[in-house]
Amino acid sequence: ESEALQTLAYLYWYRGDSLQAKAFASEALRIAREAEDGLGLAYALQSSGIMARVEGDYATAIQMHEEAIRRSSHVVLRMRTMRHLALDYLAVGRHADAIAELRRSLAVDLGDPDHYAYADVRRDLAENLLEHGDGSRATSASEGARSTSSTPGSPSSPSGTPSRSGSSRATATSARSP
């Protein structure tokens, strides 16, 4: 039931009805907590955290993403949620924390160093090293993102929604989609 509500939340979110999307996401989160479904709860926390960030509730976004990382037993979900936590940090100006979180995310072993899920993180890290950190290290992160982001047939994200591209700065503050 939680998973179905999560899917409805994404569908409504992508069609622009954030109010209904948040209602579905909140109910999915409540059900996942009651069912003590660790993986389902991690997905629900990630999604609700994304919606909170887009709405400007950064403290809630950070709290939800931190909890989702602790609860996630799925390595790709954990790694991608770490990216979202970094985007939360960027939104509140915690650039050093964001860079550190992106580096921790890249350290998660997905079993394949060219796994498609690393592409967004590598790109975000390169952009933020150029803008807020050590620009000399950005080139290797950027090259890694290019090598994995165009992998033909890359599957969708673990939540069943398509992976997104675009800069982390836009993603951190975008009001359009999680």
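**Q** Looking at this structure, I do not really get the overall build of the protein chain. What am I missing?
**A** Broken down by element type, the protein chain carries 9 helices and 0 strands. Counting from the amino terminus, the protein chain carries its helices and strands in the arrangement α-α-α-α-α-α-α-α-α. Sorting the 178 residues of the protein chain into buried and exposed places 48% on the buried side. Taking contacts inside the protein chain between residues at least 6 apart in sequence as the whole, the part at least 24 apart equals 58%. Within the structure as shown, the protein chain displays about 8500 Å² of accessible surface, and the carbon and sulfur contribution to it stands at 50%.

**Q** Which parts of the structure should I look at to understand the pattern of salt bridges?
**A** Pairs can form between side chains of opposite charge whenever their charged atoms are close. Applying the stated criterion to the full structure yields 12 salt bridges. Between R33 and E67 there is a salt bridge, with its nearest N and O atoms 2.8 Å apart. Of this pair, R33 sits in helix 2 (residues 18-35) while E67 is found in helix 4 (residues 58-71), placing the two residues 34 residues apart along the sequence. Relative accessible area serves as the criterion here: at 37%, R33 is assigned to the partly exposed category. Here E67 and R71 are joined by a salt bridge, their closest N and O atoms 2.8 Å apart. In this pair, E67 and R71 both sit in helix 4, 4 residues apart, roughly one turn of the helix.

**Q** Where do I start with helix 6 (residues 95-106) in this structure?
**A** Compared with the 16 Å implied by 1.5 Å per residue over 12 residues, the 17 Å span of helix 6 between its first and last C-alpha is a close match. Within helix 6 the residues assigned to the buried category are A98, I99, E101, L102 and S105. All buried residues of helix 6 lie within an arc of 165 degrees about the axis, which places them on one face of the element. On the buried face of helix 6, the contacting elements are helix 4, helix 5 (75-91) and helix 7 (118-132).

**Q** Please clarify how helix 7 should be interpreted in this entry.
**A** Think of an α-helix as 3.6 residues a turn; residues three or four steps apart then line up on the same face. Under the 1.5 Å per step criterion, the end-to-end length of helix 7 is 20 Å for 15 residues, consistent within 8% with the ideal 21 Å. The element helix 7 is largely enclosed, with a buried count of 12 among its 15 residues. For helix 7, every residue scored as buried is listed here: Y118, A119, D120, V121, R122, R123, D124, L125, A126, E127, N128 and L129.

**Q** Looking at this model, I keep getting lost on the confidence of the model for the protein chain. Mind explaining?
**A** Residues shown with low pLDDT carry predicted positions that ought not to be read at fine detail. For the protein chain, mean pLDDT is 80; residues scoring 70 or higher make up 75% of the total. Note on residues 145-178: pLDDT under 50 across the span, and 69 contacts to partners over four residues away in sequence or across chains.

**Q** Please clarify how the packing of helix 3 (residues 38-54) against helix 5 should be interpreted in this entry.
**A** The geometry of a pair of packed helices is captured by two quantities: the angle between their axes and the separation between those axes. The interhelical angle for the contact between helix 3 and helix 5, taken along N-to-C directions, is 25 degrees, at an axis separation of 11 Å. The orientation of helix 3 with respect to helix 5, classified from their angle, is roughly parallel. Considering only the axes of helix 3 and helix 5, their crossing is left-handed. Packed against helix 3, whose contacting residues are L39, A42, Y43, Q46, I50 and R53, the element helix 5 presents L77, R80, T81, H84, L87, D88 and A91 at the interface. Counted by class, the contact of helix 3 with helix 5 contains 7 nonpolar, 3 polar and 3 charged residues.

Definitions and limits used
- Residues numbered from 1 in each chain as written.
- Predicted model: local features only at pLDDT ≥ 70, side-chain atom pairs only at ≥ 80, totals over all residues.
- Heavy atoms only, no water.
- Helix = DSSP H or I, 4+ residues; strand = E, 2+ residues; numbered from the N terminus.
- Buried < 20%, exposed > 50% of the residue type's maximum accessible area, 1.4 Å probe, protein only.
- Contact = heavy atoms within 4.5 Å.
- Areas by Shrake-Rupley, 256 points an atom, 1.4 Å probe, with all protein chains shown as cover.
- Salt bridge = Lys/Arg side-chain N within 4 Å of Asp/Glu carboxyl O.
- Expected span 1.5 Å × (residues − 1).
- Arc of directions from axis to C-beta.
- pLDDT = per-residue confidence, 0-100.
- Axes fitted to C-alpha atoms, helices over the stretch in contact; angles between N-to-C directions.
- Parallel < 35°, antiparallel > 145°, perpendicular 65-115°, else oblique.
- Left-handed = near helix turned anticlockwise from the far one by under 90°.
- Nonpolar A, V, L, I, M, F, W, Y, C, P; charged D, E, K, R; others polar.

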